[in-house]
Amino acid sequence: MMKEKPAWSLNGYLGILIIAGLLAGTVFSFMEQQFILGAICLIIGITLGSGITLIQPNQAAVVMFLGKYMGSIRKEGIVITVPFSIRKMISLRVRNFNSNRLKVNDVNGNPIEIAAVIVFKVIDSAKAVFDVDRYEQFVEIQSETAIRAVATKYPYDSFSDAELSLRGNAEEVSNELKIELQERLKVAGVEVIETRLTHLAYSTEIAQAMLQRQQASAIIAARKQIVEGAVGMVQDAIAQLEQDGAVELDDERRVAMANNLLVSIVADQGTQPVINTGSLYQ
């Protein structure tokens, strides 16, 4: 595994002054017919000139000489580095990658469409150049692989607070995607800054059917909550009536009152009261 290290470099402006002095010395030596000294100055000037490198802000130059990694330069501006070396420029800027809409199956086997945006940057230029082949393509492939892996762990939707879902817990899913992706991309010297889901939907061939199922599940969950609340309200009402001594209820009357209260609370439409002027037992 490669690791970034600083390469030898010289201030570019100072290096240009030295090169200019060597060229002036070359001309002067040839004029004085000191050809050996002039040739030496010319060779040194050309050697230093071959190392002139211009580095932009948020950019790194990976220096290679005779097939060996010599180091990286992050200092912006003009510098002089190892002569006759190969310099490969790597961007250190923050970048976005928008994944394609991927068709995967959630944990329940339902086909869904999912996409995400990945915000990343290179933090180790040596790993990005030498440990993977074309790190940009590596980021794209690993991002889509991580999205597929995370999407298969959760259902598309859930009506239980105890179960995470892709639609209801986008923040938690995005955080897990970030952790999953960072583990995959650390070999390339890439840091994942943020991940966000940008598209989430059922696949077109089952979208209508799943919408109906989703609506039915929502109705069932709502009904369950209504019934649970209604039972508690009825229990409290009967207990309060008996506690205050307003009425004395035997088992049959208690059942009848509970039935009437439940019908009134749970019914979708307004109930019509029936006034009983006689005895319950007649």
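Heads up: these notes are all about the structure in this document. As the structure is a prediction and not an experimental result, all values here were calculated from the model.

What counts, and where the lines are drawn
- Residues numbered from 1 in each chain as written.
- Predicted model: local features only at pLDDT ≥ 70, side-chain atom pairs only at ≥ 80, totals over all residues.
- Heavy atoms only, no water.
- Helix = DSSP H or I, 4+ residues; strand = E, 2+ residues; numbered from the N terminus.
- Buried < 20%, exposed > 50% of the residue type's maximum accessible area, 1.4 Å probe, protein only.
- Areas by Shrake-Rupley, 256 points an atom, 1.4 Å probe, with all protein chains shown as cover.
- Salt bridge = Lys/Arg side-chain N within 4 Å of Asp/Glu carboxyl O.
- Core = buried A, V, L, I, M, F, W, Y, C linked by side-chain atoms within 4.5 Å.
- Contact = heavy atoms within 4.5 Å.
- Axes fitted to C-alpha atoms, helices over the stretch in contact; angles between N-to-C directions.
- Parallel < 35°, antiparallel > 145°, perpendicular 65-115°, else oblique.
- Left-handed = near helix turned anticlockwise from the far one by under 90°.
- Pairing = 2+ DSSP bridges.

The secondary structure content of the protein chain amounts to seven helices and ten strands. Per-residue burial over the protein chain gives 33% buried out of 282 residues. Roughly 17,300 Å² of accessible area belongs to the protein chain as shown, and the carbon and sulfur atoms make up 56% of that amount.

Oppositely charged side chains can form a pair if their charged atoms are brought close together. Evaluation of the coordinates by the stated rule reveals six salt bridges. A salt bridge links Arg-74 to Glu-4; the shortest N-O distance between them is 2.6 Å. Here Arg-74, found in the loop between strand 4 (68–73) and strand 5 (77–81), pairs with Glu-4, found in the segment before strand 1 (9–11); they are 70 residues apart in sequence, far enough to count as distant. The exposure class of Arg-74 is partly exposed, given its relative accessible area of 38%. By relative accessible area, which is 22% here, Glu-4 ends up partly exposed. As a salt-bridge pair, Glu-194 and Arg-196 come within 3.0 Å of each other at their nearest N and O atoms. Classification of Glu-194 as partly exposed rests on a relative accessible area of 35%. Because the salt bridges share partners, they merge into one network encompassing Glu-171, Glu-194 and Arg-196.

Residues Ile-118, Val-122, Tyr-135, Leu-177 and Val-190 are the most contacted members of the largest nonpolar core, which totals 35 residues. Apart from the residues within four sequence positions on either side, Val-122 is in contact with Ile-90, Ser-91, Leu-92, Arg-95, Ala-128, Tyr-135, Gly-189 and Val-190. Of all hydrophobic cores here, the second largest spans seven residues; its members include Ala-7, Ile-55, Val-79 and Val-82.

A few words on the packing of helix 1 (residues 12–31) against helix 2 (residues 35–49). Between helix 1 and helix 2, whose axes approach to 8 Å, the crossing angle comes to 155 degrees. Relative to helix 2, the element helix 1 lies roughly antiparallel. Judged by the twist between their axes, the crossing of helix 1 over helix 2 is left-handed. Residues Ile-18, Ile-19, Leu-22, Leu-23, Thr-26, Ser-29 and Phe-30 of helix 1 form the contact with helix 2, whose own contacting residues are Phe-35, Leu-37, Gly-38, Ala-39, Cys-41, Leu-42, Ile-44, Gly-45, Leu-48 and Gly-49.

Across the sheet, which stays open at both edges, the three strands sit in the order 4-3-6 with antiparallel pairing between neighbours. Because the sheet does not close on itself, it has two edges, and the strands there are strand 4 and strand 6 (86–91). Taking each pair of neighbouring strands and ignoring which way they run, the sheet shows an average axis angle of 25 degrees. Note that strand 3 (residues 59–65) and strand 4 share five bridges and pair antiparallel. Residue pairing in the sheet places Val-62 in a bridge with Ser-72 of strand 4.

As a further point, take the packing of helix 4 (residues 135–151) against helix 5 (residues 170–185). Geometrically, a packed helix pair is captured by the angle between its two axes and the distance between the axes. Between helix 4 and helix 5, the least distance of the axes is 9 Å, while the angle of their chain directions is 135 degrees. Our classification of the angle between helix 4 and helix 5 gives oblique. In the crossing of helix 4 with helix 5, the sense of the turn from one axis to the other is right-handed. In contact with Phe-138, Val-139, Gln-142, Ser-143, Thr-145, Ala-146, Ile-147, Ala-149 and Val-150 of helix 4, helix 5 contributes Val-173, Glu-176, Leu-177, Glu-180, Leu-181, Arg-184 and Leu-185.

A few words on the environment of Met-89. Inspection of the secondary structure puts Met-89 in strand 6. Under the relative-accessibility criterion, Met-89 is labelled partly exposed at 32%. For Met-89, the contacting residues outside a window of four places in its chain are Thr-53, Leu-54, Ile-55, Gln-59, Ala-60 and Ala-61.

With that settled, the discussion passes to the sheet that holds strand 1. Ordered in space as 1-5-2, the three strands form an open sheet in which the pairing is antiparallel. The sheet terminates laterally at strand 1 and strand 2 (52–55), the two strands that pair on one side only. Here the average twist between neighbouring strands, direction ignored, is 40 degrees.

The quantities given are spatial measurements derived from coordinates; they are silent on function.
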